[in-house]
Amino acid sequence: MKSAVIVFPGSNRERDMVTALHSVFGSAPELVWHGDSTLPDVDLVVLPGGFSYGDYLRCGAIAARSPVIADVVRKAKAGTRVLGVCNGFQILTEIGLLPGALMRNASLRFVCQLVNLRIDNNESAFTRGYRLHDVVRCPVAHGDGNYFADEATLDRLEGEGRVALRYCDERGELTADANPNGSQRNIAGILNENGNVLGLMPHPENFIEPLHGGTDCRRFFEGMAETLEAV
Ligand SMILES: NC(=O)CC[C@H](N)C(=O)O
């Protein structure tokens, strides 16, 4: 199973993602510089977290114009799995592969904490390691994670089962207190129409080893490995 992690100027979670993928998949992903015009032939492309281009203009706006993006779009449209974590999610919305936008956190503060996530779709390659409505602890670390889309888009995302993850309390309730950034409808991660592209603000790659404080997120990667090995 082959994977690639794209590195932009200002990415800072690519090593964590490489370590997570290597540890679960058993093979190291290829690191691809954003200036390359083509991606290698892989089953999974990851846009990692960080501060691409220093978050200037808008988070992810400049990275979305990188040379490698044309091939990311081509592969996503052809069905390759694409995962965007945090800044990667912001980049996916800027490209237009996912609808909506990530605005400044409602608190206007950077949040760095553990949150609870409820698995609201466990049929995608990314989430099939869980049962529906499992509650999973996961870290977040962002200044612009406040998911926004118009009401019609939100209704459509929900109607099509494309809200994969929501912020919740320990019991799975979608409370305002459990929402770290003000995201509409407690949305933490969404899928594209075909279910092969996932963007999420939390960082599952940082909660897979006991030394991370918990291993709740390992199942994300195990589920992906099962799906991709079956391809
Ligand atoms: N950890 C990250 O990827 C941060 C994303 C983005 N730079 C923000 O602060 O919102």
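Everything below is about the structure shown above.
A short tour of the structure in this document, coming up. (Residues numbered from 1 in each chain as written. Predicted model: local features only at pLDDT ≥ 70, side-chain atom pairs only at ≥ 80, totals over all residues. Heavy atoms only, no water.)

Time to look at the overall build of the protein chain. A count of helices and strands for the protein chain gives five helices and eleven strands. Against the compact-globule benchmark of 17 Å for 231 residues, the protein chain has a radius of gyration of 16 Å, which places it among compact chains. Expressed as a percentage of its 231 residues, the buried residues of the protein chain come to 57%. Of the roughly 9,900 Å² of accessible surface on the protein chain, 48% is carried by carbon and sulfur atoms. Positive and negative side-chain charges in the protein chain, numbering 22 and 29 respectively, have mean positions lying 2 Å apart. (Helix = DSSP H or I, 4+ residues; strand = E, 2+ residues; numbered from the N terminus. Rg over C-alpha atoms; globule rule 2.2 N^0.38 Å. Buried < 20%, exposed > 50% of the residue type's maximum accessible area, 1.4 Å probe, protein only. Areas by Shrake-Rupley, 256 points an atom, 1.4 Å probe, with all protein chains shown as cover. Lys, Arg positive; Asp, Glu negative; His and termini not counted. Charge placed at Lys NZ, Arg CZ, Asp CG, Glu CD.)

Moving on: the site of the ligand. Taken together, the neighbourhood of the ligand is formed by 13 residues, with Gly 50, Asp 55, Cys 86, Ala 141 and Asp 144 sitting nearest. Separating an oxygen atom of the ligand from a backbone N or O atom of Gly 50 is a distance of 2.7 Å. Against a free-state accessible area of 300 Å², the protein chains account for coverage of 98% of the ligand. The set of elements that each furnish at least two residues to the shell around the ligand consists of α3 (87-95) and β7 (135-142). For the shell around the ligand, the class distribution of residues is four nonpolar, seven polar and two charged. (Near = heavy atom within 4 Å. Polar contact = N/O pair within 3.5 Å; in protein donor to acceptor, adjacent residues only side chain to side chain. Nonpolar A, V, L, I, M, F, W, Y, C, P; charged D, E, K, R; others polar.)

The subject of this paragraph is a nonpolar patch on the surface. A surface patch of nonpolar side chains, amounting to about 370 Å² of accessible area, comprises Tyr 56, Leu 57 and Ile 62. Classification of Tyr 56 as exposed rests on a relative accessible area of 63%. (Patch = residues over 30% accessible without salt bridge, like charges linked within 9 Å, V, L, I, M, F, W, Y side chains within 5 Å. Salt bridge = Lys/Arg side-chain N within 4 Å of Asp/Glu carboxyl O.)

As judged from the eight bridges shared by strand β6 (residues 111-119) and β7, these two strands associate in the antiparallel manner. Bridging from a neighbouring strand, Leu 117 pairs with Val 136 of β7. Where β6 lies against strand β9 (residues 163-168), four bridges are found, and the strand directions are antiparallel. By the bridge assignment, Arg 118 is partnered in β9 with Arg 166. (Pairing = 2+ DSSP bridges.)

Before going further, it helps to examine helix α2 (residues 69-77). Restricting attention to buried positions, one finds in α2 the residues Ile 69, Asp 71, Val 72, Lys 75 and Ala 76. Down the axis, α2 shows its buried residues gathered within 160° of arc, on one side only. Exposed and oriented more than 90 degrees from the buried face of α2 are Ala 70, Arg 74 and Lys 77. In the core, the buried residues of α2 are packed alongside β1 (3-7), β3 (44-47), β4 (81-85), α3 and β11 (197-200). Directly after α2, the chain includes Gly 79, whose backbone phi takes a positive value near 105°. (Arc of directions from axis to C-beta. Contact = heavy atoms within 4.5 Å.)

Another point: helix α1 (residues 14-25). Under the 1.5 Å per step criterion, the end-to-end length of α1 is 16 Å for twelve residues, consistent within 8% with the ideal 16 Å. Of the positions making up α1, those classed as buried are Glu 14, Met 17, Val 18, Ala 20, Leu 21, Val 24 and Phe 25. End-on, the buried residues of α1 take up no more than an arc of 165°, which puts them together on one face. Tucked into the core, α1 has its buried residues touching β1, β2 (30-33), β3, β4 and α5 (218-229). The first or second residue beyond α1 is Gly 26, which carries a positive phi of 85°. (Expected span 1.5 Å × (residues − 1).)

All we've got here are geometric facts, nothing functional implied.
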